[in-house]
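Listed here are the chains, written in short residue letters.
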Amino acid sequence: MLNKLILVMTTLFIASLTHAENCPTVGMIKNNLMNKWQAYDSDDNKPLSKKRLAIFMRNVKQFTLAEWQSKDEKHSALHCYYRDKNGSQLEAYLTKNDLMPINNKQLWYQVSGAMHCAAGMDQCLFQRDITPQPKLAKK
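Presented here is a report on the structure given in the accompanying data block. Starting afresh in each chain, residues are numbered from 1 along the sequence in its written order. Local features in this predicted model are restricted to residues whose pLDDT is 70 or higher, and side-chain atom pairs enter the listing and the counts only when it is 80 or higher, whereas totals over whole chains, interfaces and linings include all residues. Excluding hydrogens and water, the side-chain values take into account all heavy atoms of the structure.

**Quick notes on the overall build of the protein**
Item 1. Numbering of helices and strands runs from the N terminus, with a helix taken as a DSSP run of H or I at least four residues long and a strand as a DSSP run of E at least two residues long. Across its full length, the protein carries 3 helices and 8 strands.
Item 2. Starting at the N terminus, the α and β elements of the protein follow one another as α-α-β-α-β-β-β-β-β-β-β.
Item 3. Within the protein, the proportion of its 139 residues that are buried is 32%.
Item 4. In short, Shrake-Rupley with a 1.4 Å probe defines the accessible areas, and a residue's cover is counted only from the protein chains shown. Carbon together with sulfur atoms contributes 55% to the accessible area of the protein, which is approximately 9700 Å² in total. Burial here depends on accessible area, computed with a 1.4 Å probe over protein chains only, as a share of the maximum for the residue type. Under 20% is buried, over 50% is exposed, and the range in between is partly exposed.

**A look at the pairing of strand 4 (residues 89–97)**
Item 1. Two strands form a pair only when DSSP identifies at least two bridges running between them. Two elements, strand 1 (residues 38–41) and strand 4, share 4 bridges in a ladder whose sense is antiparallel. Bridge pairing links Gln38 to Thr95 in strand 4.
Item 2. Two elements, strand 3 (residues 76–83) and strand 4, share 6 bridges in a ladder whose sense is antiparallel. Its bridge partner being in strand 4, Cys80 is matched across the sheet by Leu94.

**Describing the nonpolar core**
The nonpolar side chains of a soluble globular protein tend to be buried with one another.
Item 1. With 28 residues, the main nonpolar core has Cys23, Ile29, Trp37, Phe56, Tyr82, Leu94 and Trp108 as its most contacted residues.
Item 2. Of all the elements in the fold, those that place two or more residues in this core are helix 2 (26–30), helix 3 (50–59), strand 2 (62–70), strand 3, strand 4 and strand 7 (114–117).
Item 3. What makes two residues a contact is simply this: any of their non-hydrogen atoms within 4.5 Å. If sequence neighbours within four positions are ignored, Trp37 has contacts with Glu21, Asn22, Cys23, Pro24, Leu78, Cys80, Leu94, Thr95, Lys96, Leu99 and Phe126. Throughout this description, the term nonpolar core refers to a set of buried Ala, Val, Leu, Ile, Met, Phe, Trp, Tyr and Cys residues connected via side-chain atoms within 4.5 Å.

**Notes on the sheet that holds strand 3**
Item 1. Pairing within the open sheet is antiparallel, and its 6 strands lie in the order 1-4-3-2-7-6. Strands at the two margins of the open sheet, each flanked by one partner only, are strand 1 and strand 6 (108–111). Put simply, the sheet's adjacent strands are angled 30° from each other on average, direction ignored.
Item 2. Two strands pair when backbone bridges link them, and strand 6 and strand 7 are joined in this way by 4 bridges, in the antiparallel orientation. Residue pairing for strand 7: Gln110 is matched across the bridge by Met115. Axis definition: a line fitted to C-alpha atoms, over the contacting stretch in the case of helices. Angles run 0 to 180 degrees between N-to-C directions.

Keep in mind these values describe shape, not function.
This is how it looks when you write it as structure tokens:
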């Protein structure tokens, strides 16, 4: 019985680490179901104020781009961009840290130090970054 429990827990843990994610849908954003995604201003990269977040949530109509940036060797972030009903960018993005693209070379391509996904939201998949982090040397 204990062996089965350990097997189930290990399987669930591994599945949670390799679970594919994608950007929040417009419906999720409008219903404030963003599951730890944070909204930032695309001009100054600062968190959106409550007022700007409300405007973003009200005006979001379509997903436009998933972008992955490796900030340094320890941290990476995924940015999701959207537009309004007129096709204008919303000057904001949703972000979640420590994610990386699922390696599909036909969909992700390099642009100015970042990786962009050249597909629809349902195909721009990513997962938790589980690469081993370098350990600091002890003195």
